[in-house]
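The primary structure of each chain is shown beneath.
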Amino acid sequence: MEEAQRRALRRGRPRLVAELRVAPLWEPLAERGLFTRTMLEELQSAGSRGDQARQLIIDLETRGKQAFPIFLSILRDTGQGGLADMLMEECQALPAVPALPDLRPVELELPGGKSNRSEYFRAKSSTGVAAGIPSPWGICEVYQLKANPCGYCLVLNNVTFSRDSKLSTRNGSDVDCEKLEKIFKAFSFNVLTQRDLKTQEMVVELQKLAWQDHSALDCCVVVILSHGCQISHSQFPGAIYGTDGNLIPVEKIVNYFNGSNCPSLRGKPKLFFIQACGGAQRDRGFVVNCDAPGEEASGSPLEADANPFQTPEANADQPDAVACLPTPSDILVSYSTFPGYVSWREESRGSWYVETLVNVLQQCAHAEDLQSMLVKVTDAVAAKGTCKQSPTCFSSLRKKFFFICQ
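Procedures and definitions
- Residues numbered from 1 in each chain as written.
- Predicted model: local features only at pLDDT ≥ 70, side-chain atom pairs only at ≥ 80, totals over all residues.
- Heavy atoms only, no water.
- Helix = DSSP H or I, 4+ residues; strand = E, 2+ residues; numbered from the N terminus.
- Buried < 20%, exposed > 50% of the residue type's maximum accessible area, 1.4 Å probe, protein only.
- Pairing = 2+ DSSP bridges.
- Axes fitted to C-alpha atoms, helices over the stretch in contact; angles between N-to-C directions.
- Contact = heavy atoms within 4.5 Å.
- Expected span 1.5 Å × (residues − 1).
- Disulfide = S-S within 2.5 Å.
- Core = buried A, V, L, I, M, F, W, Y, C linked by side-chain atoms within 4.5 Å.
- Salt bridge = Lys/Arg side-chain N within 4 Å of Asp/Glu carboxyl O.
- Left-handed = near helix turned anticlockwise from the far one by under 90°.
- Nonpolar A, V, L, I, M, F, W, Y, C, P; charged D, E, K, R; others polar.
- Right-handed = clockwise from strand over helix to strand, strands pointing away.

(A) Seen up close, unusual backbone geometry. Pro-149 follows Asn-148 through a cis peptide bond whose omega is 0°. Note on placement: Pro-149 falls in the loop between β2 (133-134) and β3 (151-157). Although it is not a glycine, Asp-196 adopts a positive phi angle of roughly 55°. For Asp-196, a relative accessible area of 23% corresponds to the partly exposed category. Positive phi, close to 60°, is recorded for Asp-330, a residue that is not glycine. Mapped onto the elements, Asp-330 comes out in the loop between β11 (306-310) and β12 (331-335).

(B) Here's a closer look at the sheet that holds β12. Judged by pairing direction, the sheet is mixed, and its 6 strands sit side by side in the order β4-β3-β5-β9-β12-β15 without closing on themselves. In this open sheet, the two edge strands, each paired with only one partner strand, are β4 (189-195) and β15 (392-395). The average angle at which neighbouring strand axes cross in this sheet is 10°, direction not considered. Along the sheet face, helix α12 (residues 370-382) touches β9 (270-275), β12 and β15 and points at about 10° away from the line of β12.

(C) Focus on helix α11 (residues 352-364). Helix length check: α11, at 13 residues, gives a terminal C-alpha distance of 18 Å against a target of 18 Å (1.5 Å per residue), a fit within 8%. Three or more residues of α11 are buried, namely Trp-352, Tyr-353, Val-354, Glu-355, Thr-356, Leu-357, Val-358, Val-360, Leu-361 and Cys-364.

(D) Structural detail: the pairing of β9. Among the 6 residues that make up β9, 6 are buried, leaving the element largely enclosed by the rest of the structure. Residues Lys-270, Phe-272 and Ile-274 of β9 are buried on one face, and the alternating residues Leu-271, Phe-273 and Gln-275, pointing to the opposite face, are buried as well. Pairing of strand β5 (residues 219-225) with β9, which is carried by 6 bridges, proceeds in the parallel orientation. Bridging from a neighbouring strand, Leu-225 pairs with Gln-275 of β9.

(E) Structural context of the state of the cysteines. Evaluation of the coordinates by the stated rule reveals 0 disulfides. There is no disulfide at Cys-153, and the cysteine sulfur nearest it, in Cys-220, is 8.3 Å away. Of the cysteine sulfurs around Cys-262, a residue in no disulfide, the closest is that of Cys-220, at 6.9 Å. Judged by its relative accessible area of 1%, Cys-262 falls in the buried class.

(F) Geometry of the nonpolar core. Formed by 38 residues in total, the largest nonpolar core has its most connected members in Phe-184, Phe-189, Leu-271, Phe-273 and Phe-403. Contributing elements (two or more residues each) for this core: β3, α8 (173-186), β4, β5, β9, α11 and α12. At 8 residues, the largest contribution of residues to this core is made by α11.

(G) The arrangement of the pattern of salt bridges in detail. Under the counting rule described, the total for this entry stands at 12 salt bridges. A salt bridge links Glu-19 to Arg-15, with the nearest nitrogen and oxygen atoms 3.2 Å apart. Placement of both Glu-19 and Arg-15 in helix α1 (residues 3-19) is noted, with a separation of 4 residues, approximately one turn of the helix. For Glu-19, a relative accessible area of 44% translates into the label partly exposed. A salt bridge links Asp-85 to Arg-76; the shortest N-O distance between them is 2.9 Å. Here the salt bridges share partners, and the residues they tie into one network are Asp-174, Arg-195 and Asp-196.

(H) Here's a closer look at the packing of α1 against helix α6 (residues 81-93). Running from N to C, α1 and α6 cross one another at 145°; their axes reach a closest spacing of 8 Å. Note that α1 runs across α6; the crossing there is right-handed. Where α1 abuts α6, its residues Ala-4, Gln-5, Ala-8, Leu-9, Arg-11, Gly-12, Arg-15, Leu-16 and Glu-19 lie against Gly-82, Leu-83, Met-86, Leu-87, Glu-90 and Cys-91. Grouping the constituent residues of the contact of α1 with α6 by class yields 8 nonpolar, 3 polar and 4 charged.

(I) Expanded view of the pairing of β3. Within β3, 7 of the 7 residues are buried, which leaves it mostly tucked inside the rest of the structure. Handedness of the β-α-β unit built from β3, α8 and β4 comes out right-handed. Both β3 and β5 contribute to a ladder of 7 bridges, which runs parallel. Looking at β5, one finds that Gly-151 is bridged to Cys-219.

Given below as structure tokens:
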């Protein structure tokens, strides 16, 4: 949906909430393919007529490029042409949004042909300007990424689970995996992918990577695509299922790479991206008066990567004792959802989180640091669909992190 159309819906929302007759809309909305029957049932359960109208207008922004004209057509077909005319007037009255300038920074060529964004931003910090953009932080340390490859990227992709695990096949996860492999290769990482690992096999692969000599490398990335659940924890929330249905806590995964267990990564950024549910809670969200544009979401059936809250048994993987661990540093863990909540995935497009993450990285990595981009990911995913999801991030990074774009 075009930005002018989104803003027209928002400006017209008070009148639509007050006047819109929603009952005649349900059937044509389904017939014209704007919403699935399941989505319409969710909308109808939103409460009063006004609540249903408000949620319909909010969700309409996520329904694709043709949603606005189709909605206007349905309004006229159901005798509500006055509201359609009002929306058209709002759309035509709004000024066009000016195109953004090219924000691609000038890259400095270093010996060996590698460009170093760190040196570029340092050089510009004295004047407070980088690539024509006022610097909001002044002098700021940036992680150095000079090595080629700059580090390893391990992708653990669990799709098919054993019958005894009672966990469903994660259709669409291979779509996520292919996107992530491509983007991290473009960021000069040596990508290693493993599929359908039991819990102990995951431990072996993680330990193997942690025991590598990273002295000549500048970074390390771990991506995990699997089912997950909420679990008691002392540091990083959540746990990941192996294909055998056994769990490994996220904090145990992270601590394989901390300064105590992986000395060759001391002082270097260690990034973890986790597509898995943080629990079984489903979030319907709440209504706010906000001008932030929503992202489009398809009408494909949704699947969750969730299992209910688990308390580990005595023989299960346990978190490392807090007293025995150094304070984690230079670590970032990006979760696909907030702890305790469901993470959504579609068979044809993959997960909301990975699809959005890859899109933001492709569009913004040449000019923005990682944590700024993750804010964009959270905002975009939070705007999707009737069922809500909010990616979150735990970070002890001490500097800004910029990917090196090839």
